[in-house]
Amino acid sequence: MRILVTGGAGFIGSNFVHYVLDKHDEDEIVTLDALTYAGSRDNLDGVLDDPRHEFVEGDIRDRDLVAELVEDVDAIVNFAAESHVDRSIQGAEPFVSTNVQGTQTLLDAAVEANVDRFLQISTDEVYGQILEGKFSEDDRLNPRNPYSATKASADLLAKSYQTTHGLSVLITRTCNNFGPRQHSEKLIPKFLQKAAAGEELPVYGDGSNVREWIYVEDNCRALDLVLREGEPGEVYNIGSDEERTNLEVTEAILNAVGGSKDQITFVEDRAGHDQRYALESNKVKELGWRATTSFEEGLERAVDYYL
Ligand code: NAD
């Protein structure tokens, strides 16, 4: 399979590129990434010279470039996005532009080139918050911040290309990822580095917000499976059942690096901060997938990587 991976120099995208090239000897990947502040060639160290891999620096909104790249691919996996909620609160424009318009550009090109499969990488945040129970794929979309609103918009657009144009679209909605190659603005890498340096760890609100955490390699394995064996037109939740409050995550990080609880400070809550996300993931489990890395095990590996 020849795959166009967009956003492949970012956190999850780069882990996916490494994973696929390692697992599937016959596959080829073209990575398209604009190298925004969030992307880095370093994330592709080890595969930049691989003859089965080509890196193209460019924008998913560049119609001509995208049309050229999709000509000879079998599948598109779209990771490219503005991905940080806090930044979307400061300004939503780049989120609408890349996450919505960029996805539309890719979808148009995929239809034009008759690409076999289009995997849209989405998030649990499109469902909004859930105080009890878990979201299933049929639950309504109820995004509550500009980032998740643009991701939900992209999901709807992608679905519409399946019904309108017959494009084979698959959508995955994953919980919070952590592990190697994540940008230092995100909670776990940021807190690991601050904890080890003896600095303060600023926890939003009272730290009671709950997230479900998945080790990035477990997610990549699920994405790869959905890409190859998922049913076109379907949505697949990818959750780990590893729920932690932000305060629990912070304490685990301090424990892992020998920091002190005195380093925790509580700061003004994020505007519109969703209280809890949780996913029911039976559909992807029916394809034979299970998360195999516990939060504690993943955190140990993250400590090794970041410190
Ligand atoms: P990231 O911010 O680390 O990476 C995004 C990548 O996209 C970067 O390399 C960036 O340079 C690239 N990019 C941004 N705008 C682009 C454009 N216009 N054209 C081409 N490339 C562009 O993000 P991530 O955490 O790896 O997330 C990847 C995808 O997974 C996103 O779509 C995100 O919504 C989704 N997701 C992330 C998580 C998570 O916990 N990180 C959870 C669920 C879903």
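Further up the page is the structure itself.
Not measured: the values here are computed from a predicted model. (Residues numbered from 1 in each chain as written. Predicted model: local features only at pLDDT ≥ 70, side-chain atom pairs only at ≥ 80, totals over all residues. Heavy atoms only, no water.)

Asker: Please clarify how the sheet that holds strand β3 (residues 53-57) should be interpreted in this entry.
Answerer: Strand pairing in a sheet relies on backbone hydrogen bonds, with the paired strands running either antiparallel or parallel. In spatial order, the strands read β3-β2-β1-β4-β5-β6-β10; together these 7 strands make up an open sheet with parallel pairing. Two strands bound the open sheet, and with one partner strand each, they are β3 and β10 (235-238). Averaged over all pairs of adjacent strands, the angle between their axes in this sheet comes to 20 degrees, without regard to strand direction. With 5 bridges connecting them, strand β2 (residues 28-33) and β3 associate as parallel partners. Note on β3: the bridge partner recorded for Val30 is Glu54. (Pairing = 2+ DSSP bridges. Helix = DSSP H or I, 4+ residues; strand = E, 2+ residues; numbered from the N terminus. Axes fitted to C-alpha atoms, helices over the stretch in contact; angles between N-to-C directions.)

Asker: What is the right way to read helix α8 (residues 246-257) from this model?
Answerer: Because the α-helix completes a turn every 3.6 residues, residues three or four places apart line up on one side. Compared with the 16 Å implied by 1.5 Å per residue over 12 residues, the 17 Å span of α8 between its first and last C-alpha is a close match. When we look at burial in α8, the residues that qualify are Asn246, Val249, Thr250, Ile253 and Leu254. Each buried residue of α8 sits inside an arc of 135 degrees when the element is viewed along its axis, so together they form one side. Here the buried face of α8 lies against α6 (187-196), β8 (201-204), β9 (210-215), β11 (243-245), β12 (264-267) and α10 (295-306). Just past α8, the residue Gly258 takes up positive phi, approximately 70 degrees. (Expected span 1.5 Å × (residues − 1). Buried < 20%, exposed > 50% of the residue type's maximum accessible area, 1.4 Å probe, protein only. Arc of directions from axis to C-beta. Contact = heavy atoms within 4.5 Å.)

Asker: Hey, could you run me through the environment of Lys285 in this one?
Answerer: When you line up the elements, Lys285 lands in helix α9 (residues 282-286). A relative accessible area of 25% places Lys285 in the partly exposed class. Lys285 sits 48 residues away from Asn237 along the chain, and the two C-alpha atoms are 9.5 Å apart. Setting aside anything within four residues of it in sequence, one finds Lys285 in contact with Asp241 and Arg290.

Asker: Where do I start with the side chain of Ser14 in this structure?
Answerer: Considering the arrangement of structural elements, one finds Ser14 in helix α1 (residues 11-23). Since its relative accessible area comes to 0%, Ser14 is described here as buried.

Asker: For this particular structure, what's the right way to read the sheet that holds β11?
Answerer: With respect to topology, 3 strands assemble into an open sheet ordered β7-β9-β11, the strand pairing being mixed. With partners counted over all chains shown, the strands left at the sheet margins are β7 (176-178) and β11, one partner each. Between one strand axis and the next, the sheet turns by 50 degrees as a mean value, whatever way the strands run. One ladder, built from 3 bridges, connects β9 with β11; its direction is antiparallel. Across the sheet, residue Arg211 finds its bridge partner in β11, namely Arg244.

Asker: For this particular structure, what's the right way to read unusual backbone geometry?
Answerer: Positive phi, close to 50 degrees, is recorded for Leu35, a residue that is not glycine. If you check the backbone angles, Asp241 has positive phi at about 65 degrees while not being a glycine.

Asker: Got a minute to help me understand the packing of aromatic side chains in this structure?
Answerer: Two aromatic rings, taken as a pair, are described by how far apart their centres are and by the angle between their planes. As enumerated under the stated definition, the model contains 7 aromatic pairs in all. Arranged with centres 5.3 Å apart and planes meeting at 50 degrees, the rings of Phe16 and Phe79 form a pair that is tilted. Of the two residues, Phe16 sits in helix α1 while Phe79 sits in the loop between β4 (75-78) and α3 (85-90), which places them 63 residues apart along the sequence. Here Phe16 matches Phe79 in class, with each residue buried. (Phe/Tyr/Trp six-rings, centres within 6.5 Å; stacked < 30°, edge-to-face > 60°.)

Asker: What is the right way to read the state of the cysteines from this model?
Answerer: By definition, a disulfide links the sulfur atoms of two cysteine residues through a covalent bond. In total, this model carries 0 disulfides according to the counting rule given. The thiol sulfur of Cys220 is not disulfide-bonded, and the nearest other cysteine sulfur, from Cys175, lies at 13 Å. Among the residues examined, Cys220 registers a relative accessible area of 1% and is labelled buried. (Disulfide = S-S within 2.5 Å.)

Asker: What is the right way to look at the site of the ligand in this model?
Answerer: Lining the immediate environment of the ligand, one finds 29 residues, of which Ile12, Asp33, Ser83, Tyr147 and Lys151 sit closest. Contact distances for the ligand include 2.6 Å between an oxygen atom and a side-chain N or O atom of Asp33. Across the complex, the protein chains shield 96% of the 830 Å² of accessible surface that the ligand would expose by itself. Residue contributions to the shell around the ligand peak at 3 residues, all from strand β5 (residues 117-123). (Near = heavy atom within 4 Å. Polar contact = N/O pair within 3.5 Å; in protein donor to acceptor, adjacent residues only side chain to side chain. Areas by Shrake-Rupley, 256 points an atom, 1.4 Å probe, with all protein chains shown as cover.)

Asker: What's the story with the pairing of strand β6 (residues 169-174) in this structure? I'm lost.
Answerer: Sheet faces and side chains relate simply in a regular strand, where the side chains alternate between the two faces. Within β6, 6 of the 6 residues are buried, which leaves it mostly tucked inside the rest of the structure. Between the parallel pair β5 and β6, the chain is carried across by helix α5 (residues 146-165), and the sense of this crossover is right-handed. Two strands pair when backbone bridges link them, and β6 and β10 are joined in this way by 4 bridges, in the parallel orientation. By the bridge assignment, Arg173 is partnered in β10 with Asn237. (Right-handed = clockwise from strand over helix to strand, strands pointing away.)

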